[in-house]
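# A structural walkthrough
One letter stands for each residue in the lines below.
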Amino acid sequence: MTGRAGALEQVLREADAAAVDALPTVVSRALANVGVRAAVVYLLDYDVSLLLPVPGSLSLLESPEPQSVEDSRAGRACTRQELVETIEDGVHTVWVPISQRFDCLGVLQLQLERLDDDLRGLCCDVGILLGHLLSTAHEYTDVYELLSRRHDMNLAAEMHWEVQPAMSYAGPRVRIAGGIEPAYEVGGDTFDYNINGDIVDFALLDAMGHGLEAALLSFQAVAAYRYGRRRRQSLAEIAATLEDTFVRQFGGDRFVTGILCRLDLRTGALGWVNAAHQPPLLMRDARLVGELRGSPACPLGLGLESDLEVHEATIE
């Protein structure tokens, strides 16, 4: 374990001292003493269809090329969140997911002189470490962000992705996954979530309109939702905060629909407010078992609501 921990420490120290956009070189240099001869960092694109090699990546067997998520070894490592390995001409190649809390950001391909269980574990650990390093790197450079884009984003989408949380989360008692389509021309649809101890808050929001106006309204809706949540408001109070925010700003001319939910992980108690949205679907054992029905409220922002009903159910 000392050697494995030491190798991870070396990656961390090299990354902290190197240029922020030099992660492939950092990994190759930091792991050279454990037999790593080359490293390729692939980033997942916004359409979740391709894994794109980061500049500076080096492969011994062939020049790094984009890899299909659907039918490549790199894609399998990403979608299944597992190590994939091959051997060719005496070179061991492994692909491991670059992930942060189960949110797959890309894939790390390593080529080694030898491979054993301890090195397999080290490769997986480096993938997790890179997930956190990549998230931090976005604070300092656009290199990785731009590489993940295969098309230009419109301004509405640019604003949307700035406020969007991670697409996936996995913890001891809950997993969360979401997606946004189309990725490059987002309108007013968004979601948000947060885990505080035993409580999970999450919301689906859809602001009226299209394009930039919808993006602005969506941005304001998420900010108002977080404002209420971070003041430990109840679900009804958070909904009222969104209502008041839009009424004060737009005088009842703009609105947002959505579902605001709160889940108690200790008991499975789920509360939700439905503001003119489609009802949530309930699934058990990978099967749809029904809808969580309840009287929907009006859209938030029209100044029509006085009492917002919080519906309740218990999930497994």
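For clarity, every value in this text was computed on a predicted model and none was experimentally measured. (Residues numbered from 1 in each chain as written. Predicted model: local features only at pLDDT ≥ 70, side-chain atom pairs only at ≥ 80, totals over all residues. Heavy atoms only, no water.)

## A word on the pairing of strand 5 (residues 91–100)
Rules: For the exposure calls, accessible area comes from a 1.4 Å probe over protein chains only, and a residue counts as buried if that area is under 20% of its type's maximum, exposed if over 50%, partly exposed in between. A run of H or I in DSSP counts as a helix once it spans at least four residues, and a run of E counts as a strand once it spans at least two, with each numbered from the N terminus. Here, strands pair whenever DSSP counts at least two bridges between them.
When you tally the buried positions in strand 5, you get nine out of 10 residues, the bulk of the element. Across five bridges, strand 4 (residues 84–88) lies against strand 5 in antiparallel orientation. Considered in strand 5, the bridge of T86 is made with T93. Once strand 4 ends, the chain turns through two residues before running back antiparallel as strand 5, passing D89 with a positive phi of about 55°. By the bridge criterion, nine bridges tie strand 5 to strand 6 (residues 103–112) in an arrangement that is antiparallel. Following the sheet pairing, T93 is matched in strand 6 by Q111.

## Overview of the pattern of salt bridges
Here is the rule we go by: Note on definitions: salt bridges are taken to be side-chain nitrogens of Lys or Arg within 4 Å of carboxyl oxygens of Asp or Glu.
A full pass over the atoms with the stated rule returns 19 salt bridges. Salt-bridge contacts for R150 lead to D45; the nearest nitrogen and oxygen are separated by 2.7 Å. Taken together, the residues span a long stretch of sequence, with R150 in the loop between helix 5 (143–147) and helix 6 (155–163) and D45 in the loop between strand 1 (36–44) and strand 2 (50–53) at a distance of 105 residues. Take R150: its relative accessible area is 36%, and that puts it in the partly exposed class. Where D116 meets R114, a salt bridge forms, and the shortest distance between an N and an O atom there is 3.1 Å. When its relative accessible area of 31% is taken as the criterion, D116 is described as partly exposed. Among the residues examined, R114 registers a relative accessible area of 46% and is labelled partly exposed. One connected set of salt bridges, linked through shared partners, spans R173, D198, D264 and R266.

## As for the sheet that holds strand 9 (residues 189–196)
Where we set the bar: Convention adopted: a line fitted to C-alpha atoms gives each axis, helices being fitted over their contacting stretch, and angles between N-to-C directions are expressed from 0 to 180 degrees.
Spatial ordering of the open sheet is given by 9-10-11-12-15, a layout of five strands whose pairing is antiparallel. Looking at which strands have only one partner, the edges of the open sheet turn out to be strand 9 and strand 15 (311–314). Each neighbouring strand pair of the sheet contributes to a mean axis angle of 15°, computed without reference to strand direction. Bridging between strand 9 and strand 10 (residues 199–207) involves eight bridges; their strand directions are antiparallel. What sits directly across from N196, in strand 10, is I199.

## With respect to the environment of C104
Convention followed: Note on contacts: a residue pair qualifies if any of its non-hydrogen atoms lie within 4.5 Å across the two residues.
Along the chain, the position of C104 falls in strand 6. Dropping the residues within four chain positions of it, C104 is found in contact with L44, C78, Q81, P97, I98 and S99.

## Focus on helix 7 (residues 211–229)
The condition is simple: Multiplying one less than the number of residues by 1.5 Å gives the expected span of a helix.
In a regular helix each residue adds 1.5 Å, so 19 residues correspond to 27 Å; helix 7 covers 27 Å between its end C-alpha atoms and thus fits that length. Residues A214, A215, L217, S218, A221, V222, A224, Y225, R226, G228 and R229 constitute the buried set of helix 7. Among the structural elements, helix 6, strand 9, strand 10, helix 8 (235–250) and strand 11 (256–264) are those in contact with the buried residues of helix 7.

## Re the sheet that holds strand 2
Spatially, the six strands line up as an open sheet ordered 3-2-1-6-5-4, and their pairing is antiparallel. Two strands lie at the open edges of the sheet, namely strand 3 (67–68) and strand 4, each paired on one side alone. Where strand 1 lies against strand 2, three bridges are found, and the strand directions are antiparallel. Within strand 2, the residue paired with Y42 across the bridge is P53. Sheet strands touched by helix 3 (residues 73–80): strand 1, strand 2, strand 3, strand 4, strand 5 and strand 6. Its angle to strand 5, the strand with the most contacts, is close to 35°. With respect to the sheet, helix 4 (residues 117–137) is in contact with strand 1, strand 4, strand 5 and strand 6, its orientation differing from that of strand 5 by roughly 40°.

## Considerations on the environment of M159
Following the sequence through the fold, M159 ends up in helix 6. Sequence separation between M159 and V54 is 105 residues; the distance between their C-alpha atoms is 25 Å. The residues touching M159, leaving out its near neighbours within four places in the chain, are L212, A215, L216 and F219.

## What about the packing of helix 6 against helix 7?
When two helices pack together, their arrangement is given by the angle between their axes and by how far apart the axes lie. Note the threshold: Should an angle fall under 35 degrees it is called roughly parallel, over 145 degrees roughly antiparallel, and 65 to 115 degrees roughly perpendicular, with every other angle called oblique. In this scheme the handedness of a crossing depends on how the near helix is turned from the far one: anticlockwise by less than a right angle means left-handed, clockwise means right-handed. The classification used treats Ala, Val, Leu, Ile, Met, Phe, Trp, Tyr, Cys and Pro as nonpolar, Asp, Glu, Lys and Arg as charged, and all other residues, Gly among them, as polar.
The geometry of helix 6 relative to helix 7 is characterised by a closest axis approach of 8 Å and an angle of 15° between their N-to-C directions. With respect to helix 7, the axis of helix 6 lies roughly parallel. Our pair here, helix 6 against helix 7, has a crossing hand that is left-handed. Counting all contacts with helix 6, which are made through L155, A156, M159 and V163, the residues of helix 7 involved are G211, L212, A215, L216, F219, V222 and R226. Class assignment of the residues belonging to the contact of helix 6 with helix 7 gives a composition of nine nonpolar, one polar and one charged.

## Some remarks on the state of the cysteines
As a reminder, the rule being used: Cysteine sulfur atoms are paired as a disulfide whenever they come within 2.5 Å of each other.
Enumeration according to the criterion identifies zero disulfides in this entry. Cysteine C124 shares no disulfide, and the gap to the nearest cysteine sulfur, in C123, comes to 6.9 Å.

## What to know about a nonpolar patch on the surface
Worth spelling out the cut-off: Patches were defined on residues exceeding 30% relative accessible area and lacking a salt bridge, with like-charge contacts within 9 Å and nonpolar side-chain contacts (Val, Leu, Ile, Met, Phe, Trp, Tyr) within 5 Å. Using the Shrake-Rupley algorithm and a 1.4 Å probe, accessible areas are obtained, with residue cover drawn only from the displayed protein chains.
A grouping of L155, L212 and L216 is seen on the molecular surface, where their side chains present a nonpolar patch of about 280 Å² in accessible area. Mapped onto the elements of the fold, L212 is located in helix 7. Classification of L212 as partly exposed rests on a relative accessible area of 40%.

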